[in-house]
Amino acid sequence: MKIIVDTSRCVGAGQCVLTEPALFDQSEDDGTIIVLNETPEGELVEKAREAAHVCPGQALSLEE
Amino acid sequence: MTTAEKHEFPMARTCPFAPPPAYEEIREEEPVSRVRLPDGGWAWVVSRHEDVRTVLNDRRFSADRQHPDFPALVEGEAASRRPDEERFLIAMDPPEHGPARKAVLGEFTVRRLEALRPRIQEIVDERIDMLLAGPQPGDLVDALSLPVPSLVICEMLGVPYADHEFFQENTVKVIKQSTPPEERWAAMGAIQGYMADLIAEKEKNPPDDLLGRQIVTLRANGTYRRTALTSMGLLLLVAGHETTANMISLSTLAFLRNPEQLAMIKADPSRTLSAVEEMLRYFTIIDVATARLCVEDVEVGGQLIRAGEGVLALGYSANRDPRAFENPDELDIERGARHHVAFGFGPHQCLGQNLARMELQIVFDTLFRRVPTLEQAMDIDELPFKDDANIYGLYQLPVTW
């Protein structure tokens with residue numbers, strides 16, 4: 001799986017960070033998404049799916 | 001006449017724990033349909049979870065509440081619009097919205113808010129001390145629900161908490177549907193003037209609080225304007241206390257009436273965050289805040305909506321849509337309700353949502369641990385619910401322990 005991010009759609013809500021801090025972080029300046037691990041494996045795969053599902057800007061998509 | 005054109009909007013809740021009964025009828029029979037507004041105009045209501053998310057995340061729907069055609073949810077609203085006045089963040093569209101939101105987003109990142117946790121815990125403990133030291137029954141709204149988020153947002157912004165009665169009274173006037181338009185604008189003007197004076201004072205020697213830091217940053221990049229910061233400060237102050245306060249009261253009541261759910265978080269506080277999500281979904285207190293104006297023809301849920309038409313994306317209906325949530329009318333703190341739209345969706349999704357989550361989590365963990373015998377002291381039929389306000393909640397919640 002690969003995490004694809006469209007930062008222009010990111011609204012800085014931090015839902016990805018709340019879902020899985022091992023995969024996502026936020027920029028200190030404007031709160032936009034920082035992906036820490038683009039190719040999650042194991043348990044993190046499900047977390048990446050959940051993050052994409054709750055993302056309010058629909059900025060996250062997954063290449064399965 | 002279509003099914004829903006019989007309906008007038010806003011619709012009242014008839015049960016404090018359920019959406020207006022017509023929501024279900026609309027959602028099942030004609031999910032994108034027409035309703036009458038208080039000024040005699042009409043708007044589309046969008047009631048299914050998927051369609052609500054579509055509307056709120058599509059730029060063809062404008063949030064500009066000052067636009068003459070924007071759907072008016074209280075009488076006299078359209079006439080009192082001032083299109084040239086400074087817009088609140090929630091009323092901005094691109095390209096104005098993105099930079100304005102990003103300018104303050106850094107203050108609301110998950111990490112930044114985590115640093116506030118110890119102070120929020122301290123505030124919650126102090127207020128519970130005061131509740132326990134007071135007479136029984138005590139009013140939870142006065143003792144805890146309102147002061148906690150008010151103190152937190154005041155400290156964050158750098159607003160003196162000593163002035164809370166002034167801005168809370170005026171906030172209530174602004175959000176009450178029955179406030180006459182002139183009185184609403186006077187109340188709005190009063191808190192606006194208050195915020196402008198406060199910011200003018202901070203300009204002289206910007207302190208290390210949110211407003212002070214904004215002055216420094218915006219001056220440095222040459223975009224500082226007092227009127228813009230006033231509008232931002234006011235929005236954060238009002239949205240920061242009234243919403244969370246109502247969620248604290250309503251959720252506490254719901255916990256007290258669902259002891260088996262309460263027992264689950266008492267047994268394992270790691271469940272509280274998921275309980276918070278469920279309470280947000282279950283009550284959806286800002287249901288009417290997600291109005292939009294269609295600015296380009298667009299099809300939603302099989303219905304063509306034309307440019308110039310008003311749209312109400314019903315968050316509460318979305319949050320009780322069985323297509324998105326199994327047994328949606330059941331309160332289930334373990335359901336994992338994170339895809340709810342209680343904070344809205346899309347570019348305008350609530351800026352303070354993670355602050356609200358943290359406050360609610362700390363309040364419930366602390367309140368039920370420290371006051372395990374808490375009970376409601378007024379009959380449910382007598383409790384003063386805010387049926388007349390644009391933000392749902394409780395005026396009072398008498399409790400004993």
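Residues numbered from 1 in each chain as written. Chains lettered and ligands numbered in written order. Predicted model: local features only at pLDDT ≥ 70, side-chain atom pairs only at ≥ 80, totals over all residues. Heavy atoms only, no water.

> How would you summarise the interface of chain B and chain A if you had to cite specific residues and measurements?
Contacts between chain B and chain A engage 18 residues on the former and 24 residues on the latter. Carbon and sulfur atoms supply 43% of the area that chain B and chain A bury against each other, a total of about 1900 Å² over both sides. Looking at the side of chain B facing chain A, the largest losses of area belong to Lys 102, Arg 111 and Arg 338 of chain B, adding up to 32% of the total buried there. In this structure, the connection of chain B to chain A is made through three salt bridges. Here Arg 338 of chain B makes a salt bridge to Glu 50 of chain A, at a shortest N to O gap of 2.8 Å. Put simply, chain B and chain A have 14 residue pairs in polar contact (both at pLDDT 80 or more) between them. Of all elements in the fold, only α3 (97-105), α4 (110-114) and α15 (353-370) of chain B reach the threshold of two or more residues within the side of chain B that touches chain A. Its residues placed into classes, the side of chain B that touches chain A shows four nonpolar, eight polar and six charged. (Contact = heavy atoms within 4.5 Å. Buried area = accessible area lost by both parts, 1.4 Å probe. Salt bridge = Lys/Arg side-chain N within 4 Å of Asp/Glu carboxyl O. Polar contact = N/O pair within 3.5 Å; in protein donor to acceptor, adjacent residues only side chain to side chain. Helix = DSSP H or I, 4+ residues; strand = E, 2+ residues; numbered from the N terminus. Nonpolar A, V, L, I, M, F, W, Y, C, P; charged D, E, K, R; others polar.)

> Can you break down the pairing of strand β8 (residues 310-313) of chain B residue by residue, with the values?
All names here are of chain B. The alternating pattern of β8 places Gly 310 and Leu 312 and Val 311 and Ala 313 on opposite faces, both of which are buried. Both strand β2 (residues 42-46) and β8 contribute to a ladder of three bridges, which runs parallel. Pairing of Val 46 across the sheet is with Ala 313, part of β8. The sheet contact formed by strand β5 (residues 291-294) and β8 spans three bridges and is antiparallel. From the neighbouring strand, Arg 292 faces β8, where its bridge partner is Val 311. (Buried < 20%, exposed > 50% of the residue type's maximum accessible area, 1.4 Å probe, protein only. Pairing = 2+ DSSP bridges.)

> Outline the packing of helix α8 (residues 164-175) of chain B against helix α11 (residues 226-257) of chain B, listing residues and values.
All names here are of chain B. Where α8 contacts α11, the axes come no closer than 11 Å and their chain directions differ by 85 degrees. Considered as vectors, α8 and α11 are oriented roughly perpendicular to each other. Facing Phe 167, Gln 168, Thr 171 and Ile 175 of α8, the residues of α11 in contact are Leu 237, Val 238, His 241 and Glu 242. In the contact of α8 with α11, the residues fall into four nonpolar, three polar and one charged. (Axes fitted to C-alpha atoms, helices over the stretch in contact; angles between N-to-C directions. Parallel < 35°, antiparallel > 145°, perpendicular 65-115°, else oblique.)

> Please set out the nonpolar core residue by residue, giving values where relevant.
Residue and element names in this part refer to chain B. Core analysis: the biggest nonpolar cluster contains 88 residues, and Val 159, Phe 255, Phe 283 and Phe 368 have the highest contact counts within it. In terms of residues, this core owes the most to one element, α11, which gives 13 residues. Among residues more than four places away in sequence, those in contact with Phe 368 are Thr 252, Phe 255, Leu 256, Leu 262, Ile 265, Lys 266 and Leu 374. Core analysis: the next-biggest nonpolar cluster, separate from the first, contains 17 residues, Phe 9, Leu 37, Ala 291 and Leu 312 among them. (Core = buried A, V, L, I, M, F, W, Y, C linked by side-chain atoms within 4.5 Å.)

> I'd love a proper account of the pairing of β2 of chain B, names of residues and values included.
All names here are of chain B. Of all five residues in β2, four are buried, a share of seventy percent or more. With five bridges joining them, strand β1 (residues 32-36) and β2 adopt antiparallel strand pairing. Its bridge partner being in β2, Ser 33 is matched across the sheet by Val 45. Hairpin geometry of β1 and β2 is characterised by an intervening segment of five residues between the two adjacent antiparallel strands and by a positive phi of about 95 degrees at Gly 40.

> Let's hear about the pattern of salt bridges: which residues, and what values?
Residue and element names in this part refer to chain B. By the definition in use, this model includes 30 salt bridges over all chains. For the salt bridge of Asp 64 with Arg 87, the shortest nitrogen-to-oxygen distance reads 2.9 Å. One end of the pair, Asp 64, is in the loop between β3 (61-62) and α3; the other, Arg 87, is in the loop between β3 and α3, with 23 residues separating them in the sequence. When its relative accessible area of 12% is taken as the criterion, Asp 64 is described as buried. Across the salt bridge formed by Glu 107 and Arg 213, the nearest N and O atoms sit 2.8 Å from each other. Of the two residues, Glu 107 is situated in the loop between α3 and α4 and Arg 213 in helix α10 (residues 210-220); the sequence distance between them amounts to 106 residues. Accessibility expressed as a relative area gives 26% for Arg 213, which makes it partly exposed. Each member of the salt-bridge network shares a partner with another, and the members are Arg 27, Glu 28, Asp 321 and Arg 323.

> Any chance you could break down the sheet that holds β8 of chain B for me, citing the residues and the numbers?
Residues and elements named next belong to chain B. One open sheet holds the five strands; their spatial order is β1-β2-β8-β5-β3, and the pairing between them is mixed. Looking at strand neighbours, the two that pair on one side only are β1 and β3, the edges of this open sheet. Helix-sheet contacts for helix α2 (residues 49-56) involve β1, β2, β3, β5 and β8, and the interaxial angle to β8 is about 125 degrees.

> Residue-level account of the packing of helix α5 (residues 117-133) of chain B against helix α7 (residues 147-157) of chain B, with values.
Residue and element names in this part refer to chain B. Running from amino to carboxyl end, α5 crosses α7 at an angle of 140 degrees, the nearest separation of the two axes being 10 Å. Of the two elements, α5 crosses α7, and the hand of that crossing is right-handed. Counting all contacts with α5, which are made through Arg 119, Ile 120, Ile 123, Val 124 and Arg 127, the residues of α7 involved are Pro 147, Val 148, Leu 151, Val 152 and Glu 155. Counted by class, the contact of α5 with α7 contains seven nonpolar, no polar and three charged residues. (Left-handed = near helix turned anticlockwise from the far one by under 90°.)

> Lay out the environment of Asp 287 of chain B with the relevant residues and their values.
All names here are of chain B. Here Asp 287 shows up in the loop between α13 (272-283) and β5. A C-alpha to C-alpha distance of 9.4 Å links Asp 287 and Phe 343, two positions 56 residues apart in sequence. Other than its neighbours up to four places away in sequence, Asp 287 contacts Arg 13, Tyr 23, Ala 313, Leu 314, Gly 315 and Tyr 316. At 2.4 Å, the side chain of Asp 287 and the side chain of Tyr 23 are in polar contact.

> Quick rundown of the packing of aromatic side chains? Include the residues and the values.
Residues and elements named next belong to chain B. As enumerated under the stated definition, the model contains nine aromatic pairs over all chains in all. For the ring pair Trp 42 and Trp 44, a centre distance of 5.4 Å and an interplane angle of 80 degrees mean the geometry is edge-to-face. On the accessibility criterion, Trp 42 (26% relative accessible area) is partly exposed. When the ring of Tyr 282 is compared with that of Phe 283, the centres are 5.2 Å apart and the planes differ by 85 degrees; the resulting orientation is edge-to-face. This pair shows no difference in class: Tyr 282 is buried, exactly as Phe 283 is. Sitting over the ring of Tyr 392, Arg 13 keeps its end group 3.9 Å from the ring centre. (Phe/Tyr/Trp six-rings, centres within 6.5 Å; stacked < 30°, edge-to-face > 60°. Lys NZ or Arg CZ within 6 Å of the ring centre and 35° of its normal.)

> Tell me about the sheet that holds strand β10 (residues 398-400) of chain B, and name the residues and values.
Spatially, three strands are ordered β4-β10-β9 (chain B) in an open sheet, and the strand pairing comes out antiparallel. Two strands lie at the open edges of the sheet, namely β4 (138-139) and β9 (375-376) of chain B, each paired on one side alone.

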